[in-house]
Amino acid sequence: MRTPSPRRVRADRHPPPPHPRRGRHGLRRLVAALVVCLLAAGLPAAAHAGTRAPQGGPAVYEAEDGELQGVTVGSAGTGFSGAGYVEGFDAAGDQVTITVPDSPGGLFDVTVHYRAPFGAKVTSMLLNGKGAGDVPLPASDAFTTADAGRVLLEPGDNTVTFRSNWGWYHIDAVGIAPTPPRGPHRVDGTPSDPRATPEARSLLRYLTDNYGEYTLSGQQDTASVAWVEENVGRAPAIAGLDMMDYSPSRVERGTSSREVENALAWHERGGVNAFVWHWNAPTGLIDEPGGREWWRGFYTDATTFDVAAALADPQSEEYALLIRDIDAVAAELSRLQDAGVPVLWRPLHEAEGGWFWWGAKGPEAAKELYRLMYDRMVGHHGLHNLLWVWNSLDPAWYPGDDVVDIVSADLYPPAGDHSPQSQAYERLLELVDDGKLVALSENGSIPDPDLMEAYQVDWSYFTTWSGDFVDGGTHNAREHLDHVYRHEDVLTLDELGDVTRHGGCTADWEVVGGWADGHLVRVTVTNDGGGPLSGWRVGANRAPDVPLDRHWNARLDVTDSGWSAGSLGWNSALRPGQEASFYLKWDAPEPEALSPSLSCQAR
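Numbers given to residues run from 1 along each chain, matching the order in which its sequence is written. In keeping with the predicted nature of the model, local features appear solely for residues at pLDDT of at least 70, side-chain atom pairs appear and are counted solely at 80 or more, and the whole-chain, interface and lining totals rest on all residues. Excluding hydrogens and water, the side-chain figures rest on all heavy atoms present in the structure.

As recorded in an unreviewed UniProt entry, the protein chain goes by Glycosyl hydrolase and comes from Streptomyces desertarenae. Per its UniProt entry, the protein chain bears the Sequence similarities (unreviewed entry) comment "Belongs to the glycosyl hydrolase 26 family." UniProt positions are given in the numbering used here, feature names are shortened, and annotations may be inferred rather than shown by experiment.

Visitor: Before we move on, can you summarise the environment of Glu579 with the specific residues and values?
Guide: Only DSSP runs of H or I covering at least 4 residues are called helices, and only runs of E covering at least 2 are called strands; the numbering of each starts at the N terminus. By secondary structure assignment, the location of Glu579 is in strand E29 (residues 579-586). We classify Glu579 as partly exposed; its relative accessible area is 48%. Each C-alpha atom, one on Glu579 and one on Ala507, is 9.4 Å from the other, the two residues being 72 residues apart in sequence. Exposure classes here rest on a 1.4 Å probe applied to the protein chains alone. A residue is buried below 20% of its type maximum, exposed above 50%, and partly exposed in between.

Visitor: Provide a residue-level description of the pairing of strand E16 (residues 272-276), including the pertinent values.
Guide: For E16, a buried count of five out of five residues is recorded, marking the element as mostly surrounded by other parts of the structure. Burial of E16 is two-sided: the residues Val272, Ala274 and Val276 facing one way and the residues Asn273 and Phe275 facing the other way are all buried. Paired strands are those between which DSSP finds at least two bridges. Pairing between strand E15 (residues 238-242) and E16: five bridges, direction parallel. Along E16, the bridge assignment pairs Ile238 with Val272. Sheet topology places E16 next to strand E17 (residues 343-346); four bridges connect them, and they run parallel.

Visitor: Before we move on, could you go through helix H7 (residues 317-338) and cite the residues and values that matter?
Guide: Residues lying three or four places apart along an α-helix face the same way, a consequence of the helix completing one turn every 3.6 residues. For H7, spanning 22 residues, the distance from its first C-alpha to its last is 31 Å, which sits close to the expected 32 Å at 1.5 Å a residue. Buried within H7 are the following residues: Tyr319, Leu321, Leu322, Ile323, Asp325, Ile326, Val329, Ala330, Glu332, Leu333 and Leu336. Looking at the residues trailing H7, positive phi occurs at Gly340, about 75°. Between the first and last residue of a helix there are one fewer steps than residues, each counted as 1.5 Å, and that sum is the expected span.

Visitor: Just give me the short version of the confidence of the model for the protein chain, but keep the residues and values in it.
Guide: Think of pLDDT as the predictor's per-residue confidence, scored from 0 to 100. Per-chain confidence: the protein chain averages 87 in pLDDT, with 87% of residues scoring 70 or above. Throughout residues 1-24 the model reports pLDDT below 50, and contacts reaching past four residues in sequence, or to other chains, amount to 76 contacts. Contacts of residues 26-50 to residues separated by more than four positions or lying in other chains number 38 contacts, the stretch itself having pLDDT below 50. It only takes one pair of heavy atoms within 4.5 Å for two residues to be counted as in contact.

Visitor: Can you lay out the packing of helix H5 (residues 259-268) against H7 for me, pointing to particular residues and giving the numbers?
Guide: For the pair H5 and H7, the least separation of the axes is 10 Å and the interaxial angle reads 20°. Between H5 and H7, the angle is such that the two are roughly parallel. The hand of the H5/H7 crossing is right-handed. Contacts between H5 and H7 involve Val260, Glu261, Ala263 and Leu264 from the former and Glu332, Arg335 and Leu336 from the latter. We call Asp, Glu, Lys and Arg charged. Ala, Val, Leu, Ile, Met, Phe, Trp, Tyr, Cys and Pro are nonpolar, and the rest, Gly among them, are polar. Taken together, the residues of the contact of H5 with H7 sort by class into four nonpolar, no polar and three charged. Each axis is a line fitted through C-alpha atoms, and for a helix only the stretch in contact is used; angles between axes span 0 to 180 degrees, taken between their N-to-C directions. Just so you know how the angles are binned, under 35 degrees is roughly parallel, over 145 roughly antiparallel, 65 to 115 roughly perpendicular, and the rest oblique. With the far helix as reference, a near helix turned anticlockwise by less than a right angle produces a left-handed crossing, and one turned clockwise produces a right-handed crossing.

And the structure:
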């Protein structure tokens, strides 16, 4: 979480022609599956003292046997395993390091057996001394288990460290087990709004088709977008913008905004717009120096506004002010709809943190406000250009599949930590049972795309926060920005095409020679749409007396009156302008007898 300051914050194969680059995950994930099979026996059961491998479970490493720094071993509690647990995580640098010996290497799931009797906490995990993401530890008086995400172990010895972050918790043991390979995603690209505009549907389909293949680059704030383009030489695909200064309680104090104009200009360049709303409280702004000024009115501690009380009384002035504010922002979003601009709309972000007033009264009030906004914007104002992005990890806060298109997280790991943040990704994947896109809607350090692939983490897009997070050289060094923005799996502005008219292909027919008593035909499929395709199918009618007896480089279905040919795994993915060809052998004495009218369907 970072918030703005007052400034702005293959059938048989004919000897083939060159084919497009294969999908990046298929073969590599098959290899991953074989690796998992080799690792199925787990890590050595007696690698060192304090290690145990329960039948069918992970190898377990007792924390008290690790290397302790600034922490001690305790045993006053109950329910721990082994000889005790590690406590005293109360200062920066306090940590326990566990050695995982003789690893065969590969991807492993990590769990932490812990206790957090003083409320919800966070610990930072390091692998071999490098950041591997933060691990939330929900409040628990008893020892329990938390998912710590995944680590990519090297062959041989490895170290896993848990370092004090938000301290005062107890760590008992760490479990490590081979990660099973991920199957295909189950996202179907259907918007939550049945009346979604063609542009919104096209954008969602574009994101869905690329999910697990490519990640869209994003940058918050137009000034930082310009910095990236000027200094890195590539522009992000997504511009992050903010409805903050359209909030009525700010407008009445003199603010103005050109974010809609910025969005229109970015759309004209072919970019995607992602809006957040730092919603200044409708009323009750404290407006005192020292962190409670009126322009900080989206913070819980800068307002007395009670969202739960307002929602409980629809006849109240506070409820009417909620509606007033929603209507004011809806008017700005309507300007974008009128211009055919789809929006990744992320309201009530980071609600579960409680630091913003819309999350200060717990999950029920936040969910009710979200659904009120959805109904008001979609039903009352007829805004159908929005793709609704929910922004919390905890299932208790999730407002429901019927009002969400994308789930997301805002993650700010330590500066320079380019781990893929697999723990948060897996939690979101589980939250929606892999039925919706998962995005990194705000980030400080950008995950390394190579590590994302290695960890099977498929963020749909990322949006780096502005200012020092992108141009300071600490969170993201220039070398890392160059690496990310030039990576083959990261899409930039110049690679998008027209995402509002995504999904086009054409097919051309050419007789390339005679063969025995027939002719060999080449069909060339071209992606003439606005973005990458994940598959295609070509079809045509045929005369029943013209047999089609052989084919190459496609999956063919033939009926009495027609035929259709679908892409195979290796020639499915086409970037804009790319081609793929397949071949048909027809028993027709004259080429003119063929002359089909081809159709091409992309996905």
